[in-house]
Amino acid sequence: MASYHLSVKTIKRSAGRSATAAAAYRSASVIECDREGRMHDYTAKRGVETCFILAPADAPSWAQDRAALWNAAEARETRSNSVTAREWELALPSEISDAARIEITRAFAQQLVERYGVAADVAIHAPHREGDQRNHHAHILTTTRALTAAGLTDKTRILDAASTGGPEIEVLRGYWAELQNHALELAGQEGRVDHRSLEVQREEALSLGDTLKAEELDREPELKLGPAANAIERRAQFAAEAEGRDYEPLTQRGARVHAVRQAKAMFAEVRERLELAREAWAEAREEGQGHVSAGLAALRAAAGRQAKELDPEGIKERLARIAGRSQSEEHDHAPGQGSRDLRGRLAGMLGNARAEDQEREKARKKDRELELDEERRRQRELDRDLGWEL
């Protein structure tokens with residue numbers, strides 16, 4: 001399932017960072033920093049699929065030289081707390097081709113160049129060989145000053161100011177969503193991404209009457225694990241796979257991420273089953289079947305090849321496992337609040353499902369009784385016609 005991520009960070013001298021080191025690392029190259037007198041050599045780094053530089057049309061030719069570009073960015077700033085580069089980190093859809101990922105990343109970087117007159121250094125990274133193989137991503141380093149024929153000039157204050165920076169980034173977040181969704185559509189994928197907050201998406205779902213979607217969105221955003229927690233959880237996943245058991249998160253962040261992913265997967269499964277049921281219902285009604293028969297057809301379609309997973313006890317156990325994950329969230333909420341909220345919602349869903357099952361069972365019994373009555377009536381008529389009626 002496609003997921004959305006775009007973050008913007010700054011490369012600050014006050015944090016002990018430099019644009020030359022950042023560019024060398026992300027491109028897996030070597031850059032000698034003139035200001036620091038240091039050699040940043042990351043040529044041993046693996047996983048960089050492609051990298052390139054985009055610059056304004058009138059930019060000097062040296063802007064295409066990575067070392068020259070970022071040494072110029074460092075030399076242009078004189079303060080000890082200067083911001084020498086801005087980094088845009090993008091998650092790329094795993095559902096599209098390598099060429100399509102490069103295309104949409106280039107389009108986004110070109111938009112940055114045209115909108116702010118900066119230079120953009122792009123590096124596309126493959127998933128870590130021991131990590132999630134869907135984690136294709138890109139790093140775009142942009143200069144903090146406009147680049148013209150005269151070199152690096154004015155600061156891009158529109159991105160720095162509190163009154164304008166947020167709205168600007170929100171526009172670009174929307175543009176990045178559009179690029180991904182267009183690529184997903186061209187690739188024949190049904191999934192789409194949404195850059196808006198979960199709260200905004202939930203309000204829209206409620207306004208459209210999509211209560212299942214609203215319930216799905218009533219959750220916390222998925223956290224970023226970070227290098228340390230990610231390494232711990234990756235080892236735990238490999239160990240669980242090797243031992244043939246279910247993966248159990250070892251860190252609090254890992255537990256929260258795992259719970260969100262499980263809940264999203266379950267809601268996706270429920271939505272898929274509902275769509276199958278709706279299609280079966282509509283088809284049965286078009287064929288002239290009654291409401292009860294159409295309902296049974298919808299139930300059979302929803303069960304399908306995974307009928308065994310619809311066992312009530314199995315569903316209850318799966319929901320309980322997800323609810324149990326929330327115990328690790330209590331450090332971020334009032335005591336027990338997170339677990340009570342999630343358990344309450346899941347209990348409500350399970351209660352509704354149980355009530356619906358009871359109603360369906362009543363309908364099935366009634367339908368069967370009607371069929372038996374009809375069969376008895378036909379038999380009586382047949383007996384009468386044959387002269388066997390007493």
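Residues numbered from 1 in each chain as written. Predicted model: local features only at pLDDT ≥ 70, side-chain atom pairs only at ≥ 80, totals over all residues. Heavy atoms only, no water.

A. Here's a closer look at the overall build of the protein chain. Looking only at helices and strands, one finds 12 helices and 9 strands in the protein chain. Split into buried and exposed, the 390 residues of the protein chain put 38% on the buried side. Partitioning the intrachain contacts of the protein chain with sequence separation of at least 6 by distance along the chain shows that 62% fall at a separation of at least 24. Carbon and sulfur atoms form 50% of the exposed surface of the protein chain, whose accessible area is close to 22,600 Å². (Helix = DSSP H or I, 4+ residues; strand = E, 2+ residues; numbered from the N terminus. Buried < 20%, exposed > 50% of the residue type's maximum accessible area, 1.4 Å probe, protein only. Contact = heavy atoms within 4.5 Å. Areas by Shrake-Rupley, 256 points an atom, 1.4 Å probe, with all protein chains shown as cover.)

B. Summary view of the environment of leucine 152. Tracing the chain through its elements places leucine 152 in strand β9 (residues 151–155). Separated by 33 residues in sequence, leucine 152 and alanine 119 have C-alpha atoms that sit 9.4 Å apart. Those residues in contact with leucine 152 that lie beyond four places of it in its chain are Ala72, Ala73, Arg76, Thr143, Arg145, Ala146 and Leu147.

C. Here's a closer look at the packing of aromatic side chains. Taken as a whole and judged by the stated rule, the model has 4 aromatic pairs. Geometrically, the ring pair formed by tyrosine 25 and tyrosine 42 is edge-to-face, given 5.1 Å between the ring centres and 90 degrees between the ring planes. Taken together, the positions of tyrosine 25 in helix α1 (residues 19–27) and tyrosine 42 in the loop between β3 (38–41) and β4 (48–54) put the pair 17 residues apart, joining distant regions of the chain. Residues phenylalanine 108 and tyrosine 175 carry aromatic rings whose centres are separated by 6.4 Å and whose planes lie at 25 degrees to one another, so their mutual orientation is stacked. With phenylalanine 108 in helix α3 (residues 98–116) and tyrosine 175 in helix α5 (residues 162–186), this pair connects stretches of sequence that are 67 residues apart. By relative accessible area, phenylalanine 108 is classed as buried at 0%. With a relative accessible area of 23%, tyrosine 175 lands in the partly exposed category. Positioned over the ring face of phenylalanine 52 is arginine 106, at 4.1 Å from the centre of the ring. (Phe/Tyr/Trp six-rings, centres within 6.5 Å; stacked < 30°, edge-to-face > 60°. Lys NZ or Arg CZ within 6 Å of the ring centre and 35° of its normal.)

D. Structural detail: the pairing of strand β5 (residues 83–92). β5 sits mainly inside the fold: 9 of its 10 residues count as buried. Sheet topology note: the strand β1 (residues 6–12)/β5 ladder contains 7 bridges and is antiparallel. Of the residues in β5, the one forming a bridge with serine 7 is glutamate 89. Relative to strand β7 (residues 136–142), β5 runs antiparallel, the two being bridged by 7 bridges. Bridge pairing in β7 places alanine 91 opposite histidine 137. (Pairing = 2+ DSSP bridges.)

E. Structural view of the nonpolar core. The biggest cluster of nonpolar side chains holds 29 residues, and the ones touching the most others in it are Leu6, Trp88, Phe108, Leu112, Ile140 and Trp176. Counting only elements with at least two residues in this core, the list comes to β4, β5, α3, β6 (120–125), β7 and α5. If one sorts the elements of this core by residue count, α3 sits on top with 7 residues. Apart from the residues within four sequence positions on either side, tryptophan 88 is in contact with Leu6, Ser7, Val8, Phe108, Leu112, Ala138, His139, Ile140, Thr142, Leu159, Ile169 and Leu172. (Core = buried A, V, L, I, M, F, W, Y, C linked by side-chain atoms within 4.5 Å.)

F. Broad picture of the environment of arginine 157. Within the secondary structure layout, arginine 157 lies in helix α4 (residues 157–160). Residue arginine 157 is classed as exposed on the basis of its relative accessible area, which comes to 55%.

G. The arrangement of α1 in detail. Burial analysis of α1 places 8 of its 9 residues in the buried class, the great majority of the element. Taken residue by residue, α1 has Ala19, Thr20, Ala21, Ala22, Ala23, Ala24, Arg26 and Ser27 as its buried positions. Of the residues trailing α1, alanine 28 is marked for its positive phi of about 55 degrees.

H. Local environment of α3. Between its terminal C-alpha atoms α3 stretches 27 Å, which fits the 27 Å expected from 19 residues at 1.5 Å a residue. Among all positions of α3, only Ala100, Arg101, Ile104, Thr105, Phe108, Ala109, Leu112, Val113 and Tyr116 are buried. Of the residues trailing α3, glycine 117 is marked for its positive phi of about 70 degrees. (Expected span 1.5 Å × (residues − 1).)

I. Region of interest: the pairing of β6. Counting buried positions over the 6 residues of β6 gives 6, a clear majority of the element. Burial of β6 is two-sided: the residues Ala120, Val122 and Ile124 facing one way and the residues Asp121, Ala123 and His125 facing the other way are all buried. As paired elements, β4 and β6 share 6 bridges and run antiparallel to each other. Within β6, the position partnered with cysteine 51 by the bridge is alanine 123.

J. Seen up close, the pattern of salt bridges. One pass over the structure, following the stated rule, counts 14 salt bridges. Glutamate 168 is the salt-bridge partner of arginine 115, the closest N and O atoms lying 2.9 Å from each other. In this pair, arginine 115 sits in helix α3 while glutamate 168 sits in helix α5, placing the two residues 53 residues apart along the sequence. With relative accessibility at 35%, the residue arginine 115 sits in the partly exposed group. Connected through salt bridges with shared partners, the residues Arg13, Arg35, Glu36 and Glu74 form a single ionic network. (Salt bridge = Lys/Arg side-chain N within 4 Å of Asp/Glu carboxyl O.)

K. The arrangement of the packing of α3 against α5 in detail. In contact at an axis separation of 10 Å, α3 and α5 are set at 150 degrees when each is read in the N-to-C sense. What the angle tells us is that α3 and α5 run roughly antiparallel. For the pair α3 and α5, the crossing hand works out as right-handed. Between α3, through Ile104, Thr105, Ala107, Phe108, Gln111, Leu112, Arg115 and Tyr116, and α5, the contact on the second element is made entirely by Glu168, Val171, Leu172, Tyr175, Trp176, Leu179, Gln180 and Ala183. (Axes fitted to C-alpha atoms, helices over the stretch in contact; angles between N-to-C directions. Parallel < 35°, antiparallel > 145°, perpendicular 65-115°, else oblique. Left-handed = near helix turned anticlockwise from the far one by under 90°.)

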